[in-house]
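Observations on the model geometry
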Amino acid sequence: MRSPGLRNFAELSKLHNPFGSNTRSIIEDDYVRVSAHIRVIKDKNGLLWDDLSKRSLYSLTGYAGLGYQPGYSYMNPLLQSFYHMQVLRETINLIPTYDSIASQSLECALQQLFVQLESSGATADTRDLTSALHKCDVHGVESGGIREFYSAVREELAGAMANTAAAGAIETLFAGRKRTAAVYTDTAYTVSSAEDFYEITINVNEFGSLYDGLYGMCKRVPITSPEDAHEVQDGGSDIYQRTTFDMFPPVLHIHLDRLYRNLGAKDMAESRRKFEYPASIDLSDFLTDSSGHAGTCQYTLYGAYFSSVTALEESTSYCYLSPDTPSTWVCFKDNLVYPVAESDVFCYTHERCPIPVCSERHVFQTSPAEDVYMLVYIRCDMRELVLNSDNIWALNDILSYEKEKAEEARRNLEQVQLIEQIERQNAILAPETVDRRSQIAVRVIRGKHVRDHQGFDLYNFDNMHPNPSKPVFDIDLPREFSLMELKSL
């Protein structure tokens, strides 16, 4: 038996006898054993066998892609996420840009880019935007720098919105408030400080799921020295610190830190550890005071950002977004835009596919749980306002009212805690207080002190004789102690 290019097909001895790890031979009793491995692939969206790089799905999805710019692989997923929040898109359009040039103004470039995405099915050009980012000193980032890139873009937008009708929109959408408290266990003394936050960072190397990461961030941890506490009083044996959240923002960004120090190299390496993220989550467990927050702590996943390697060993960044209903998902990979199944977004056991389904297709070798680097959640009761409304002021009014209620609840909680602290201290001091009320402190003097004293006024203990014949002593006596008993001392 022969095969093209091969001189021999197989040795006869290896056909009639078990070879290698096989327990049975290929030929048994003049019969040939044939084993076939079958791979079943479910084409959930009817696009598995299509070369998407040669086909536009705008008529199917209604969404356009973005042109790729070298060095800005993290930019396009962030832009798609911003664009599909209608309230943010319309607020950016409120910024005056009549005398601006797109290649030199971030807000002008974004406005023109959003017009392209909204009115044309063709891939939108991002060259003016990258030029504007260079002008604002916001440069492309390497792996792990998405947080810095996102923060820089957010700050530039907030600055451009200042003193315009869009002022405060970034804070309204993305700013929450967290509180750090330090507690002395022996005195029950507590001091806390609050600050705004725009994102939460979770170390993937320490936590394997979103809930575990938030729990680890908010759990009480001991402080080794009082200097580590925030403005706490001196003293105290055991000090604990805990971080909680006064309020979460309508749009919550969670960055996943995958970097770790490689012991065999000087630079940092990127972990491929799997991280689980739910479709929805209740964040009430992490609030400073969960009372009065019914219904405001339920969040659903809006977007997941991934970084992976293509079949050509090129690094790429893409995202899954849910711009419509929470169960409808679309994949945005630069100019490629196509629907994906919900099961693919939350598939934590998915392994990288070693065999391309379509040889002509630009295949992305991906495992979501290993490649995810950022998550975006939207508050359930505000999802419609954020995604399908242009009324940023309605959103601001709701949040202002909730902040006032939260601040009032926090003040009430602090008053209750203060009363409880005083009651605990009184309970500790109560036995000693009762004992002192039933007794009277007496200082007894005799001998030389009495002889040297003249007059009928009170004895002045400040002018005591330096060498008294008998020492002065203090004693606590019962209030019913008689004079005769006192003389017997």
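Rules and cut-offs
Residues numbered from 1 in each chain as written. Predicted model: local features only at pLDDT ≥ 70, side-chain atom pairs only at ≥ 80, totals over all residues. Heavy atoms only, no water. Pairing = 2+ DSSP bridges. Helix = DSSP H or I, 4+ residues; strand = E, 2+ residues; numbered from the N terminus. Axes fitted to C-alpha atoms, helices over the stretch in contact; angles between N-to-C directions. Salt bridge = Lys/Arg side-chain N within 4 Å of Asp/Glu carboxyl O. Buried < 20%, exposed > 50% of the residue type's maximum accessible area, 1.4 Å probe, protein only. Patch = residues over 30% accessible without salt bridge, like charges linked within 9 Å, V, L, I, M, F, W, Y side chains within 5 Å. Areas by Shrake-Rupley, 256 points an atom, 1.4 Å probe, with all protein chains shown as cover. Parallel < 35°, antiparallel > 145°, perpendicular 65-115°, else oblique. Contact = heavy atoms within 4.5 Å. Nonpolar A, V, L, I, M, F, W, Y, C, P; charged D, E, K, R; others polar. Expected span 1.5 Å × (residues − 1).

By the naming in an unreviewed UniProt entry, the protein chain goes by Ubiquitin-specific protease ubp15 and is assigned to Linderina macrospora.

Looking now at the sheet that holds strand β4 (residues 190-197). The strand order across the open sheet formed by four strands is β4-β3-β7-β6, and the pairing between neighbours is antiparallel. This sheet does not close on itself; its edge strands, each paired only once, are β4 and β6 (221-223). Ignoring which end each strand starts from, the neighbouring axes of this sheet average 30° apart.

Here the focus is the pattern of salt bridges. One pass over the structure, following the stated rule, counts eight salt bridges. R272 serves as the salt-bridge partner of D371, at 2.0 Å between the closest nitrogen and oxygen. Remark: R272 occurs in the loop between β10 (268-270) and β11 (280-282) and D371 occurs in helix α11 (residues 368-371); sequence separation between them is 99 residues.

With six of seven residues buried, strand β8 (residues 251-257) is to be regarded as a mostly interior element. As defined by bridge partners, β8 adjoins strand β17 (residues 372-379) across five bridges and the pair is classed as antiparallel. Its bridge partner lying in β17, H253 is registered against V376.

All right, on to a nonpolar patch on the surface then. Residues I26, V32 and V34 make up a contiguous nonpolar surface patch of about 300 Å² in total accessible area. Checked against the element boundaries, I26 lands in the loop between α1 (12-16) and β1 (27-28). Look at I26 and you get partly exposed, because its relative accessible area is 35%.

Once that is clear, we can look at the packing of helix α3 (residues 75-83) against helix α5 (residues 106-119). Two measures define how a pair of helices packs: the angle their axes make with one another and the distance between the axes. Close contact between α3 and α5 brings their axes to 11 Å; oriented N to C, the two are set at 75°. The pairing of α3 with α5 is recorded here as roughly perpendicular in orientation. Here L79, F82 and Y83 of α3 lie close against α5, whose contacting residues are L110, L113, F114, L117 and E118. When grouped by side-chain class, the residues that make up the contact of α3 with α5 number seven nonpolar, no polar and one charged.

Attention now moves to α5. Helix length check: α5, at 14 residues, gives a terminal C-alpha distance of 20 Å against a target of 20 Å (1.5 Å per residue), a fit within 8%. Along α5, the residues that are buried comprise L106, E107, C108, A109, L110, Q111, L113, F114 and L117. Looking at the buried positions of α5, the neighbouring elements they touch are α3, α4 (86-92), α6 (127-135) and α7 (146-161).

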